[in-house]
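In case you want the letters, here they are:
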Amino acid sequence: MSDETRIRLVEALVFASAEPVREAAVADLLQAKLGEDEAVDARAVLLAVQALYAGRGVELVEVGGGWQFRTAADLAPALTTVLERPRRLPRVAMETLAIVAYHQPCTRTEIEAIRGVSLGQQTLDQLLETGLIVPRGRKEVPGRPVLWGTSPAFLQRFGLNHLRDLPRREELLVELPGAVASSAPGRGEEAEQGPGADARDG
Amino acid sequence: MSDETRIRLVEALVFASAEPVREAAVADLLQAKLGEDEAVDARAVLLAVQALYAGRGVELVEVGGGWQFRTAADLAPALTTVLERPRRLPRVAMETLAIVAYHQPCTRTEIEAIRGVSLGQQTLDQLLETGLIVPRGRKEVPGRPVLWGTSPAFLQRFGLNHLRDLPRREELLVELPGAVASSAPGRGEEAEQGPGADARDG
Amino acid sequence: MVKAEPASDAGPGAASAPVSAAPMLQLDGFEGPLDLLLDLARAQKVDLARISILTLVEQYLAVVRSAPVGLELAADWLVMAAWLAWLKSRLLLPDDPAAAEEGEIAAEALQERLLELSRIGEAARWLDRQPQLGRDVFPRGAAEQLREIDRSGLSLDMGQLLAAYMAACRRTARRGVYRPRPPSFWTVQDALERLRRLVGDVASDWCTLEQFLPSPAETPSNPHGDPGWPRRAALAGTLIAGLEMAKSGAIELRQEEAFGPVMLRVSESAPEAEAA
């Protein structure tokens, strides 16, 4: 089988699916087509497909442990005028999500301790509805509170392949003094995220 | 807006849309981006995207009044996973098959006598199609009806070496003579059987 | 709820917002006391790890004291204020070394909490900057189902075959049993015929009705139930036949007492009536 054929096959396979396709599934397909004797390097083929789409309106990205075609991020403003987009998550929800992401698995009390305020039902509902957090068992303390963690949908939504793709805590810290003194102005989001300008969550 | 940007935008739009995208929708999107002064040739852009994908694993095709990405026709068979969902024989066919197995060689009339209802041609055709029953000559009575028996395929499909490996009738129906004497009248099935359906258990 | 102007000046980007502007803040613009503390700490424009806790406490207490909402402040704001006042007293007036140490530990804990909250805020902003699926980037809208269902195969097993056979056999077996003939008794019609045939020969004088009953051999047998039924049915049939003939005047009937034997004889004027 020619390299070209492999690329086309893998391209078609991943393109057909709306969900990320696991590398193992790609390897299986290639192996089935090639026979057992030939060695299969699914990742190499995927990277070749990725290269093929570099700079195009549609890109191949590795997210949530699989490969998925997505529209290029820079086209968002134009596309969202025609495509339906969900409401953005309010700051409280984003912060709660960040706490769960960095402290998982953690209980509601732990989340509240970090933010210093109680966690509103609305915020919890929002996060559960979007499927970004999921229960991960219970903590073996009196009351056995639910432990929360992030879901695969969380990785997919934020374009992460693994949880370890999140910035390390130290990286976040390093940015801080800078953020206070000279925090990258010019970043659009930065300005509107300033604590002073923030609108409260319902 | 550069041609390149137009192509990327349209590519992303068609990719992300759940339905085939009509040319008018493409034109609207482009017009919104370009401003009213510039002329928009949506079709030209779509054809450019199509050209970009020519020979790839995915193709841009015009379907049902709109444009949509589709897996390249030559790859579809390779990517299609066939799921085998074997069907079951309808009850009538199964009963008929069982009667043939136990009473072979037997005529249609004999089968009908045992089942107590007439045997549709459709059922017989169905069984013949499966190759599980075969004609075994004719009975030398007026009309010379066909005698039916099971085929070697029947033995194979049921994992039998010989017909005598089937459980004997007496082993299956030990309770039948008792049932004759003691079974209560007024059962549901009783009602649905017309007086004419009466048949002798051969 | 958006805060008053001085508050937005206090944001991280603001160059020189005087801390004194803080009292103008609407406290419920903040997500709790920690949020306000973090904001105040940022306004000090030093490394969060080196902020002056004392200054911070002063600022917080000043804000809370002058808050427009006054005593209507939520409990957590007041608890934090009380705790900070205590912390300030420990830091300012360490009456003994143990208390001083206690104060420092508490100050460090506060600092660490502010740092963590700050990190979380940063992480949240980082997440929000990522191109988000469904918001900034989109997956394939019309996914293709490259799957085909093949239903040509047959699923056969011995259990099915045997169950089907038993079902067929049981059905017909049951039918043989469940279809008893309706019991046929000696009918009035039968009795009428028999009476007409016999009455002329026998009954010129009174005889009992029983004499005209059919013999057991002639009575239809009834496999179900009481063996006496056919006999009683024949008697009833014969009585009705007798009444019928008496009505037309062919015979006369007589019964001496209730439940006594019914007597019968040919009527004196029978022949004409019979002919009619």
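Please read these numbers as outputs of a predicted model, since none were measured by experiment.

Engineer: Quick question: what am I supposed to make of the overall build of chain A here?
Structural biologist: For chain A, the helix and strand inventory stands at 10 helices and four strands. The buried share among the 202 residues of chain A stands at 46%. For chain A, contacts bridging at least 24 residues in sequence account for 48% of all contacts bridging at least 6. Summing over all exposed atoms, chain A offers an accessible surface of approximately 9500 Å²; the carbon and sulfur share of this is 53%.

Engineer: Sorry, what's going on with the overall build of chain C here?
Structural biologist: What chain C contains, in helices and strands, is nine helices and five strands. Seen in sequence order, chain C has helices and strands lined up from the N terminus as α-α-α-α-α-β-β-α-α-β-α-β-β-α. Split into buried and exposed, the 276 residues of chain C put 45% on the buried side. Accessible surface for chain C amounts to roughly 14000 Å². Of this, 58% is attributable to carbon and sulfur atoms.

Engineer: Explain the pairing of strand 1 (residues 58-63) of chain A to me, please; I cannot follow it from the model alone.
Structural biologist: Within a regular strand, the side chains alternate between the two sheet faces. All names here are of chain A. Summarising the sheet, strand 1 and strand 2 (residues 66-71) pair through six bridges and their orientation is antiparallel. Looking at the pairing, Glu59 lines up with Arg70 of strand 2. Between the end of strand 1 and the start of strand 2, which pair antiparallel, lie two residues, with Gly64 showing a positive phi angle near 50°.

Engineer: When you look at empty space enclosed by the protein in this model, what are you seeing that I'm missing?
Structural biologist: Unoccupied space between atoms shows up once a probe the size of one water molecule is rolled over them. The full count for this structure, using the stated rule, is three cavities of 30 Å³ or more. Empty space within the largest cavity amounts to approximately 90 Å³. Forming the walls of the largest cavity are 11 residues, and the residues nearest its centre are Arg91 and Glu95 of chain A together with Asp35, Leu38 and Arg42 of chain C. Taken together, the residues of the lining of the largest cavity sort by class into three nonpolar, two polar and six charged.

Engineer: What should I look at first to understand the pattern of salt bridges in this one?
Structural biologist: Proximity of charged atoms lets side chains of opposite charge pair with each other. Counting across every chain of the model gives 35 salt bridges over all chains. Linking Asp74 of chain A and Arg8 of chain B is a salt bridge whose minimum nitrogen-to-oxygen distance equals 2.9 Å. One end of the pair, Asp74 of chain A, is in the loop between strand 2 and helix 4 (76-79); the other, Arg8 of chain B, is in helix 1 (residues 3-16), on a second chain. In this structure, the salt-bridge partner of Glu95 of chain A is Arg115 of chain A, at a minimum N-O distance of 3.0 Å. In this pair, Glu95 of chain A sits in helix 5 (residues 91-103) while Arg115 of chain A sits in helix 6 (residues 108-115), placing the two residues 20 residues apart along the sequence.

Engineer: What is the right way to read the packing of aromatic side chains from this model?
Structural biologist: One pair of aromatic rings is described through two measures. These are the centre distance and the angle between the planes. The tally for this structure, following the rule as stated, stands at 12 aromatic pairs over all chains. Pairing Phe15 of chain A with Phe69 of chain B gives two aromatic rings, centres 5.3 Å apart and planes at 65°, and the pair type is edge-to-face. Here the residue Phe15 of chain A occupies a position in helix 1 (residues 3-16), and Phe69 of chain B occupies one in strand 2 (residues 66-71), the pair thus bridging two chains. A relative accessible area of 1% places Phe69 of chain B in the buried class. Seen in terms of ring centroids, Tyr60 of chain C and Trp77 of chain C are 6.5 Å apart; in terms of plane orientation they differ by 10°. Their pairing is stacked. Taken together, the residues span a long stretch of sequence, with Tyr60 of chain C in helix 3 (residues 53-65) and Trp77 of chain C in helix 4 (residues 75-92) at a distance of 17 residues. The class of Trp77 of chain C is buried, set by a relative accessible area of 7%.

Engineer: Looking at this structure, I do not really get the packing of helix 5 of chain A against helix 7 (residues 121-129) of chain A. What am I missing?
Structural biologist: Residue and element names in this part refer to chain A. Orientation of helix 5 relative to helix 7, taken along the N-to-C sense of each, is 65°, at an axis distance of 10 Å. Looking at the two axes, helix 5 sits roughly perpendicular to helix 7. Viewed along their axes, helix 5 and helix 7 form a crossing whose handedness is right-handed. In contact with Val92, Ala93, Thr96 and Leu97 of helix 5, helix 7 contributes Thr123, Gln126 and Leu127. Taken together, the residues of the contact of helix 5 with helix 7 sort by class into four nonpolar, three polar and no charged.

Engineer: Before we go on, may I ask you to explain the nonpolar core in this structure?
Structural biologist: Nonpolar side chains in soluble globular proteins tend to be buried together. By size, the foremost hydrophobic cluster in this structure holds 54 residues, and its most contacted members are Val14, Phe15, Val26 and Phe69 of chain A together with Phe69 of chain B. With near-sequence residues (within four places) excluded, Phe69 of chain A lies in contact with Glu11, Val14, Phe15, Val49, Tyr53, Val58, Glu59 and Leu60 of chain A, Phe15 of chain B together with Phe138, Pro139 and Arg140 of chain C. Ranked by size, the runner-up nonpolar core spans 33 residues in total, among them Leu97, Ile99, Leu124 and Leu132 of chain B.

Engineer: Sorry, what's going on with helix 1 of chain B here?
Structural biologist: Given 3.6 residues per helical turn, the α-helix brings residues three or four places apart onto the same face. Across its 14 residues, helix 1 of chain B extends 20 Å between first and last C-alpha, which sits within 8% of the 20 Å expected from 1.5 Å per residue. Residues of helix 1 of chain B that are buried include every one of Arg6, Ile7, Arg8, Leu9, Val10, Glu11, Ala12, Leu13, Val14, Phe15 and Ala16 of chain B, and no others.

Engineer: Would you mind going over helix 8 (residues 229-247) of chain C with me for this structure?
Structural biologist: Residues and elements named next belong to chain C. End to end, helix 8 covers 27 Å across 19 residues, agreeing with the expected 27 Å (1.5 Å per residue, within 8%). Among the residues of helix 8, those classed as buried are Pro230, Ala234, Gly237, Thr238, Ala241, Gly242 and Met245. Buried residues of helix 8, viewed axially, fall in a sector of 140°; they line one side. Positive phi appears at Gly249, one or two residues downstream of helix 8, with a value of about 85°.

Engineer: I keep staring at the pairing of strand 6 (residues 146-150) of chain B and nothing clicks. Help me out?
Structural biologist: All names here are of chain B. Most of strand 6 is tucked away, with four of its five residues classed as buried. Where strand 5 (residues 133-138) meets strand 6, four bridges bridge the pair, whose relative direction is antiparallel. Looking at strand 6, one finds that Pro135 is bridged to Trp148.

Engineer: Just checking my understanding: could you explain unusual backbone geometry for this structure?
Structural biologist: The general pattern is negative phi for most residues beyond glycine and trans for most peptide bonds. Here the bond from Gln104 of chain A into Pro105 of chain A is cis, since omega is -10°, no more than 30 degrees from zero. The residue Arg144 of chain A is not glycine, and still its phi comes out positive at about 40°. By the element assignment, Arg144 of chain A lies in the loop between strand 3 (133-138) and strand 4 (146-150). With a phi close to 70°, Phe259 of chain C is a non-glycine residue in the positive phi region.

Engineer: Before we go on, may I ask you to explain the sheet that holds strand 4 (residues 251-255) of chain C in this structure?
Structural biologist: Strand pairs in the sheet, formed through backbone hydrogen bonds, run parallel or antiparallel to each other. Residue and element names in this part refer to chain C. Taken together, the three strands give an open sheet; going across it, the order is 3-5-4, and neighbouring strands pair in antiparallel fashion. Because the sheet does not close on itself, it has two edges, and the strands there are strand 3 (207-208) and strand 4. The sheet contact formed by strand 3 and strand 5 (residues 262-266) spans two bridges and is antiparallel. Directly across from Thr208, in strand 5, lies its bridge partner Met263.

Engineer: What is the right way to look at the side chain of Arg135 of chain C in this model?
Structural biologist: Assignment of secondary structure puts Arg135 of chain C in the loop between helix 5 (97-129) and strand 1 (147-150). Of the polar contacts made by the side chain of Arg135 of chain C, one reaches the backbone oxygen of Asp128 of chain C; its length is 2.9 Å.

Rules of the game
- Residues numbered from 1 in each chain as written.
- Chains lettered and ligands numbered in written order.
- Predicted model: local features only at pLDDT ≥ 70, side-chain atom pairs only at ≥ 80, totals over all residues.
- Heavy atoms only, no water.
- Helix = DSSP H or I, 4+ residues; strand = E, 2+ residues; numbered from the N terminus.
- Buried < 20%, exposed > 50% of the residue type's maximum accessible area, 1.4 Å probe, protein only.
- Contact = heavy atoms within 4.5 Å.
- Areas by Shrake-Rupley, 256 points an atom, 1.4 Å probe, with all protein chains shown as cover.
- Pairing = 2+ DSSP bridges.
- 1 Å grid on protein atoms, 1.4 Å probe; cavity = no way out; pocket = protein on both sides within 12 Å on 5 of 7 lines; lining within 4 Å.
- Points joined across faces, edges and corners; volume = space filled by probe spheres on them.
- Nonpolar A, V, L, I, M, F, W, Y, C, P; charged D, E, K, R; others polar.
- Salt bridge = Lys/Arg side-chain N within 4 Å of Asp/Glu carboxyl O.
- Phe/Tyr/Trp six-rings, centres within 6.5 Å; stacked < 30°, edge-to-face > 60°.
- Axes fitted to C-alpha atoms, helices over the stretch in contact; angles between N-to-C directions.
- Parallel < 35°, antiparallel > 145°, perpendicular 65-115°, else oblique.
- Left-handed = near helix turned anticlockwise from the far one by under 90°.
- Core = buried A, V, L, I, M, F, W, Y, C linked by side-chain atoms within 4.5 Å.
- Expected span 1.5 Å × (residues − 1).
- Arc of directions from axis to C-beta.
- Polar contact = N/O pair within 3.5 Å; in protein donor to acceptor, adjacent residues only side chain to side chain.

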